[in-house]
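Notes for the structure review
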Amino acid sequence: MSSRAWQHPYVNIFKHVHVEEWKRSSREGDVTSYMDKTLKCSVFRIRGSVPASNYILLPKSSSQSLGLTGRYFYLLFRPSPGKHFVVHLDVVAEEGQVIRVSFSNMFKEFKSSSTCLQLPFICGSAQGSVYESTARTAKQGLVGPAPACVRWVCLVMDLRYLVSVYLNRRYSHLKALKLCANMSVKNTMTSDLLLDPGVCYSVVKRGGVVMEEGSAPMPREMSFPVPKGCTWHDLYDYIRFPSDGMKMPFDSIQKGETNQAETDVRGSPDRQESLCVNLSKPVRDRVSLIQQITTPRPRLKQKKVTLLTPSLPEVAPLSTIGAGGDGGGVDDGGVHVFAPPTDQDQDVITVRSPVSQSHSPLLEVLSAEVSRPISLPASKASKQASKQRKLHPDPILRLNKIIGFGGKTMKNVLWNKLGDEVIYPCHAVIISMKICSGKQRFFIGHTDKVSALALNGSCSLLASVQADTHTLLRLWSYETGHCLALVNTHAHSLGILSFSYSGRVLCGVGKDGHNKTMLVVWNTESVTKKGVVCVLGKAHTDVDIRALQITCCDETRMVSCGFGNVRLWRLRGGTLRSCPLNLDQFHSLEFTDLDLLHSHTADAAEEHTLFVSSKSGHVLEVDYAAVAIKNVRRLLPTQPSHTQRREKQTFNMGPGIAVNSISVCEAFCATASEDGYLRLWPLDFSAVFLEAEHEGPVCHVCISDDCQKVLASTSIGSFGYLDVGSRGYSTLMRSHTQTVLGFSIDGLRRHITTASSDGTVRVWDLDSMQQLYDFLSEDTPSSVAFHPSLPVFCCGSSAGRVRVFDITTASMLAQHRKHTEAVVGCVFSPDGECLFSGGADGSLALYNSAHQELPAIRVLGNVLACGSERAPDALVVSGDSSRLAFIGPTEHTVTIMDARSLDEILRVDVSILDLDSPRLDCALKVCFSPPTPGHLLISTSANKILYLHSHTGKLLKEVCDVQKKCCWSLAVSEDSRFLLTAGCNTLKVWDYNMSLDVNSQVFIGHSEPIKQVSFTPDQMGVVSVGDALFFWDFLAHPQEAMLRSPAILVSPPKPGPSGDSGALTNGMLLSTGMPRGPAPLPSLDLSSIERPAHDGVGLFVALEDLSLSEDTHDALRRSPSPSPAPSPTPKHASFLRVTDRSASRASPEEPANQLRENDHGTSSKAERPDCYKHFTPRYNTSTPEQDSVFLLQSAVPPPPGEEGLRLKAVIGYNGNGRGNMVWNPDTGLFVYTCGCVCVVENLHTGSQRHWLRHTEEISTLTISHDAQLVASASGSGASSKSLICIWNVADGSSRTSMSFHKGAVQSMAFSRDDRYFLSVGDFSEQEVALWSGSCFELLCHVTAPWALHEARFSPTTDGLLACVGASGTLFCTIRTQGMQTELQVQSVCVPDDVGDAELTSLCFNANGLLFTGTSGGQVCVWDCNTHRCFMSWEADEGEIGVLLCCGNRLVCGSNSRRLRLWSVAAVQALRPQNAERSQDSPAVLLEQEMQLDGAVVSATFDDVMDMGIVGTTTGTLWYINWTENTSIRLINGHKSLVNGVVFSPDESRFATCGQDGSLRVWTSPSNELLVQFQVLNQSCECVCWNPGSSMTAVCVSGGYSDGTVRVFNLNSSEMELKLQPHATAVSALQYSCHGLVLLSAGRDGVIAVISPVTGATLRIISDHKGAPITAMQSVNKQYKEFGLQGDELWLAVSADRRVSVWAADWKKDKCELLDWLSFPAPAAPEYGDVLPPSLAAFSPCERGVIVYTGYGVTKELTFYCLNKKQVLRTISLSDWALSLSLCSKERLLAVGSKHRVVKLLHSSSGRFQDFTPHGDSVQLCCFSPSGKQLLTCAHNEILLWSSHSL
């Protein structure tokens, strides 16, 4: 039985928790019980002036839960008269989110958030009272204290509805209930049934009343007493929320009269129709429509039927339609007045149903025409009207062309037989395009993206398959475009299709429902005649298949290739069998494609050659007949030689060319490579004789049958062909790679601009489909709009920016950021005078577009509805440029403003226009009609379109069932005859007046929701965008439409920014009408052997963050036609780029054994388990997306053997990891992690080796049982998958690496024989992956039902492993059959008596027992044979994170900082056969216990459990010896951020300080912790050494966040002085050169000069006051050097980029300002990262020179000379410097950056090297005084380097 069964049919909550005992519930304040006279039973009364202090709480503790799953919550209570009350419900959603639902009569309005709902409660009163009469006529009820005559209430709340509707979540259970004063409560309960208190239980039991399904009478113990002769509803109030009664303008809980009607067994009364009343002009001009209802009307259970009655008279336009109650007067004080109908009222037509005249409701007929009429009994009139009037012509749209390519894949591009057409997919449409004219034919029928195409040899049959879960295969006649057959493949997905040459056999490759590779072969011989397709054979295989081809000589034979395999297949007797090719040493290559070269000799059936390409550049030449490799060639990138010719490299030199596709003919071979080149080779691959470079990786290549043309497609959405004879390249199509978000059309120049989620804005030619410009930006464009007359367009972005570009001058005219969130709409007024932009934050901006810089005129906040779902056309302007309309300020209202001033004119509330809807309608889109009808069209969430008068707001018409779901785009033709609507994937054309019988036509083709639709300016076409750009011909009498089209008035052209005012005729700006010539064709870089020495990319023009580059792809040449030709392309043929070229490049190639792509579906974010055992990556201050690009492309690693820095030691241990330490007592191997470095340390000598491969924080480690391999796993960052590295212990080399898990890796383990390797993902994916322990290939993976914390293999049973997690244990068994390996999983839940706890750790013992630790501190013992838990005991007070068992001893470590050793010798004897489980057993004995400094996260012990090493969260590794009962610190480090590092003057020590308040001193060269000074509840911000002589004590000083300075004596290990010179935190600390004074600086910019002897403050320097001091330094100088007396110089630099230089003689108390430097910088960005610090230091190699870096115009180091008072030189940096240190030798500098790079550079030559071992921003670096060592720090990672010459 499930946990819900006991709760049926209901749960009495008070009885369930025994509320009167107050053990499982609690009470606070004045809570008493008394005998109520009305109910005649005892009830609880809660009183008190403060409701929060007087309450009943169920259950008693917040850690407990009621766990009640009933849908309905019932509360029987009575509010106290004249008082307020509050009720809180804690509801839990299925995702685990706790939501508080509160209702009270104190709440004035409804409020909601992601975790809270507040509902007003309106108290009812006795029937007939004055209060009831007042409340009935009130607009929103009387919210406030309960009236004196308040009655007992039965409240019913639908919790599932609340959670679903208001929070978009799924209801799980009720956790807690809190009843607060002031009220009386009888009882409360939950149930899945709708209980009716007005029906007697005994009557129903006797069968007197039949209840509806899902309802029942109220149980006796929950019912109210009803005296004889009375009814329940006369005495009590029944309130149900949500109510089916009247709809209020806000969400509230109140009594509705519909409840009685629902419970009445008698029929509902007839509904009276509303009466339309003519309203006065002032009333019609109200700003908003407010509903005034005097009496709620009962809900009608009968279905509403819309009748088709063509013979009825035309219905007059109605301002509103509603239903009244018993009557009401006409009153102009409100907008809508309702009255009973009279005989004189002719405005509303009502028809009674002939079925039941007594109880059927009246049916409203607003628009008598519907698209799907209901058949009625025929009459003469109806027979005459049976011939329906439809929209003509039919079809009214014809698809003309599509700009788009790919969707699911970019590889399916094919030639036809003649080589004059190209066949390719565009999402759900297959296109055949003429390469000479660009004319397209379409194969339409698929409902999802096409994943594969195949064409037979004669080009008569075309096969295609779509990529949804119900994979459908279609076979087409290529000539006619008709679909011949539709085949259900019964496969999960198909990605490869191959036709035989004759077309009789078709083969497909895909995945089945278990994600196994599947091959299917069909017989298609009869498809052209009979449309019959049958399956010839099917096979399942474990091998990877990337490409497959049917041989030409034998249709029953196929060849395939994939990762690590090339196989030959044969179909015989309905069975598919395969034979692998012996690959020998090439068995690990990743093969990508293959092609067969067929001989044309007489013996062609036996002579053909197979070519196979690979990612490593190897090309295999295979003898198909002999099934043997003939030749293996490796394609290597060429290098320029001394003769400037390209020569082929040797076989093993350098990395090979990654070949994605290969195609072979008798003359040559074509390859498509990842480096963006299409190359043509002779068949012996001796040299490249022709190549073409593309902008992105080339993913597919195909040679035409005549061998004259080579087709190539790229991964960036383009394809074209190379003409071999002319050596010319033609681009056939370029497209967006992601969804098109919006568009705008320039009708004068026939251009269209589009914005896409791929981050680009592109400008296209409407006629040629040629891409003219391409804008790339870091922030995604969200909306675009063309100027109505000038070649100018604006673009809004997701970051809230609005940019305006002039195309002709290639310049950005203006940039504004008036919005804090995404721009949801940009629009120019039709007269070109104004520009409007709206943001998702609700802001609206008006700009003067007549001015060249487009200044902002007015900005309003909170006027638009918040959210980005209404982009890209959230703003619309009327055709006369006078009015602006949008949805806002709420989603229920539409506002119309004056377009010149943004003054509000009209506001319409659409939520109250439909009284029958149980929900409030929301406006989705708005659209102005042309000025002639003067309508404003609004589409709503109720799937309606409302026609409103744009001046008065009067409702004129409404159209229902517009789209299948909702309408998200609207457009009206200029002659007001047609309406376009778009919703989901369909497009509809409507008769605007809705005057026909069938008013619309539906068109399909899009595979994704349509984002925007519009008529072209000439009204000859329609454009729709979504997955691609669809251009439709509009066939509705275009000439007539043009004649009726009203002229668009345009203001006289002003000298625009481009200087192009167009042709002016009669005050209108028109095109010249001259034929447009073809656009010039830029040629692609082609070469035979020579290539230009530089890789030119065209012209770049710097425009701040904008750059202009020449387009390298040509346009299509189109033959002359009578239609207007395309406008000439600008001579510069350029496109604008908003980011650097590096940002737009493709991401680096993923590892070869990365087996899964990221899921495309959007899933809800998983919730992290609430236990410390689960790994959580530390917050990273660097940006991983930028880091991955920077590290791989920008970092310059040093050549091997020439490193200027060598990593010497790593200080500390990462206590944030889990299981990230391994130790083998037999070999002495000791490995732990710090950041992204694996540290291998010799415990005897302390020397370290370092394994560097990871770039993210390492989460866990594991070691093989033979101690030869170590596996490490790092997190996934933000854009990549986790990385698992396998290390060879002997030499420290990386054996291999794997990437599979999307999140972090939680646990890893080797099997006992090291045959298998296991990895477990974190809570975000819950994947368990099983790998081969020899080659580390993925064998299988399963998804766990809950988040897992740890996994281990059984040491005694082969193939058995266990995993523990949030809800129980998984027992997994490895099953192997042939080459197939799978995991059989059995899940066992947490034992009941363990409670609400998670299983967090586990270990096996040698007797087949499994020990698991829980988050509650218990240890459970399981029998691995029966999978049963037979005993448990309380092992700790905290969560157990580590369990280790050896022999009869068990070690457990927890977050209570305890490490305990247990004796479990007698547990084995207690293993029961069929007995009950034991909870407290005397067989378990606690032997020893140790208290450590933090929660235990890792542990390893020897075989007898005498000694081991344990790691804690504080960053400490402890040596534990149970025999001696001792614990010794082995490794110690900072737990939190390190704020300072500095060497002592003699370099024998170095000091560090951190946010944890510790100041630590380390010895050198052993790097051991010497002493630690800890200050509680403070952060140590800076540290410095006393430069005293050997005669004085060695002191170290620290500055703290409370403004104190503490001086510590290392000889005595005590604090000598404590000073407080600052009121703010100390930011910098520095001793003078001779140690006479101590300089301390605060974050307020004040510098204090302190005596280190007395502690007195000698001087205060306030020159930098107001800006934090970031650095200080002091150096020696000659006494009168620089013209000032003094023996030392010191400087201070502040965050405002100012540096002060001082000369001082502290013996004479002299300190004078020598120089004051201020460095310029641009204004700080409004929204962005924290500015880099200002840093300065004296150069130790150049006397009198200061080196400065900080935020400025450019990223650079500045060298300033104090003598010359000028800048000597600058050195450019690739990133802002976060830290700076100067070496005392060889003019070296060290710079740390945010991108995790330590840069070592020479200050004179500029030569540099980059080092990237850190996993976070490098915030500190410090050279030793001698310059031989360097300390760098990233967060808490401290690395010690040895410095060498550069």
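Keep in mind that this is a model prediction, so the values were computed, not measured.

1. Details of the overall build of the chain
The secondary structure content of the chain amounts to eleven helices and 136 strands. In the chain, of all internal contacts separated by at least 6 residues, the share reaching a separation of at least 24 is 52%.

2. What about the side chain of Asp779?
Tracing the sequence through the fold places Asp779 in the loop between β51 (771-776) and β52 (781-786). Its relative accessible area of 9% is what places Asp779 among the buried residues. Side-chain polar atoms of Asp779 contact the side chain of Ser797, separated by 2.9 Å. If near-sequence neighbours (up to four positions away) are discounted, Asp779 is found in contact with Ser797, Ser798, Ala799, Arg801 and Arg803.

3. Some thoughts on the pattern of salt bridges
Summed over the entire model, instances satisfying the criterion amount to 61 salt bridges. We note a salt bridge from Arg1643 to Glu1581, for which the minimum N-O separation is 3.1 Å. Here Glu1581 lies in strand β114 (residues 1580-1585) and Arg1643 lies in the loop between β119 (1638-1642) and β120 (1647-1650), a separation of 62 residues in the sequence. Here Arg1643 falls in the partly exposed class, since its relative accessible area comes to 42%. Of the residues examined, Glu1581 reaches a relative accessible area of 15% and is grouped as buried. What you see here is one network of salt bridges that share partners, running through Asp1436, Glu1437, Arg1458, Arg1460 and Glu1489.

4. Considering the nonpolar core
Generally speaking, nonpolar side chains in soluble globular proteins are found buried as a group. In terms of nonpolar packing, the biggest core is built from 53 residues, with Phe719 and Leu987 touching the most fellow members. For this core, the element with the highest residue contribution is strand β74 (residues 1029-1034), accounting for five residues. Not counting chain neighbours up to four residues away, the residues in contact with Phe719 comprise Phe405, Val413, Val422, Tyr424, Met433, Leu711, Ala712, Ser713, Tyr729, Thr731, Leu732 and Met733. Counting residues in hydrophobic clusters, the runner-up holds 48 residues, among them Leu66, Leu75, Met157 and Tyr166.

5. Things to note about the packing of aromatic side chains
As enumerated under the stated definition, the model contains 49 aromatic pairs in all. On the basis of an interplanar angle of 25° and a centroid distance of 6.1 Å, the ring pair of Phe1030 and Trp1032 is categorised as stacked. Judged on exposure class, the residue Phe1030 and its partner Trp1032 are both buried. Ring pairing ties together the aromatic residues Trp152, Phe224, Trp232, Tyr236 and Tyr238, which thus form one cluster. Looking at Arg45, its charged tip hangs above the ring of Tyr34, at a distance of 4.2 Å from the centre.

6. Quick word on the sheet that holds strand β89 (residues 1294-1298)
Ordered by their spatial adjacency, four strands build an open sheet running β86-β87-β88-β89, and the pairing between neighbours is antiparallel. The open sheet terminates on both sides in strands that have one partner only, identified here as β86 (1258-1263) and β89. Direction aside, neighbouring strands of the sheet carry axes that sit 20° apart on average.

7. Things to note about the sheet that holds strand β60 (residues 876-877)
In a beta sheet, neighbouring strands are held together by backbone hydrogen bonds and run either parallel or antiparallel to one another. The antiparallel open sheet is built from four strands, whose spatial order is β60-β61-β62-β63. The outermost strands of the open sheet, each flanked by one partner alone, are β60 and β63 (904-909). With two bridges joining them, β60 and strand β61 (residues 883-887) adopt antiparallel strand pairing. Bridging across to β61, Val876 finds its partner in Ala885.

8. Some details on the pairing of strand β28 (residues 493-499)
Of all seven residues that make up β28, five are buried, and the element is covered over most of its length. Summarising the sheet, β28 and strand β29 (residues 505-511) pair through six bridges and their orientation is antiparallel. Bridging from a neighbouring strand, Phe499 pairs with Leu506 of β29. The turn linking β28 back onto β29 is made up of five residues, and Gly503 within it adopts a positive phi angle of 85°.

9. Structural notes on the pairing of β119
Across the five residues that make up β119, a large majority, five, are buried. Residues Leu1638, Ser1640 and Gly1642 of β119 are buried on one face, and the alternating residues Leu1639 and Ala1641, pointing to the opposite face, are buried as well. Sheet analysis places strand β118 (residues 1626-1631) next to β119, joined by five bridges and oriented antiparallel. Residue pairing for β119: Tyr1631 is matched across the bridge by Leu1638. Taken together, the four bridges between β119 and β120 define a ladder with antiparallel strand orientation. Along β120, the bridge assignment pairs Leu1638 with Ile1650. Joining the antiparallel neighbours β119 and β120 is a turn of four residues, in which Gly1645 adopts a positive phi near 90°.

10. A few points about the environment of Ser882
Checked against the element boundaries, Ser882 lands in the loop between β60 and β61. Ser882 sits 53 residues away from Ser829 along the chain, and the two C-alpha atoms are 8.5 Å apart. When residues no more than four places from it in sequence are discounted, the contact partners of Ser882 are Met897, Asp898 and Ala899.

11. Thoughts on the confidence of the model for the chain
If pLDDT is low for a region, its predicted coordinates should not be looked at in detail. For the chain, per-residue confidence averages 80 on the pLDDT scale, and residues scoring 70 or more make up 80% of the total. Considering only residues more than four positions removed or in separate chains, one finds that residues 1039-1163, a stretch of pLDDT under 50, has 232 contacts. Within the model, the stretch residues 1184-1192 combines pLDDT values under 50 with 21 contacts to residues more than four positions away or in other chains.

Criteria and cut-off values
Residues numbered from 1 in each chain as written. Predicted model: local features only at pLDDT ≥ 70, side-chain atom pairs only at ≥ 80, totals over all residues. Heavy atoms only, no water. Helix = DSSP H or I, 4+ residues; strand = E, 2+ residues; numbered from the N terminus. Contact = heavy atoms within 4.5 Å. Buried < 20%, exposed > 50% of the residue type's maximum accessible area, 1.4 Å probe, protein only. Polar contact = N/O pair within 3.5 Å; in protein donor to acceptor, adjacent residues only side chain to side chain. Salt bridge = Lys/Arg side-chain N within 4 Å of Asp/Glu carboxyl O. Core = buried A, V, L, I, M, F, W, Y, C linked by side-chain atoms within 4.5 Å. Phe/Tyr/Trp six-rings, centres within 6.5 Å; stacked < 30°, edge-to-face > 60°. Lys NZ or Arg CZ within 6 Å of the ring centre and 35° of its normal. Pairing = 2+ DSSP bridges. Axes fitted to C-alpha atoms, helices over the stretch in contact; angles between N-to-C directions. pLDDT = per-residue confidence, 0-100.

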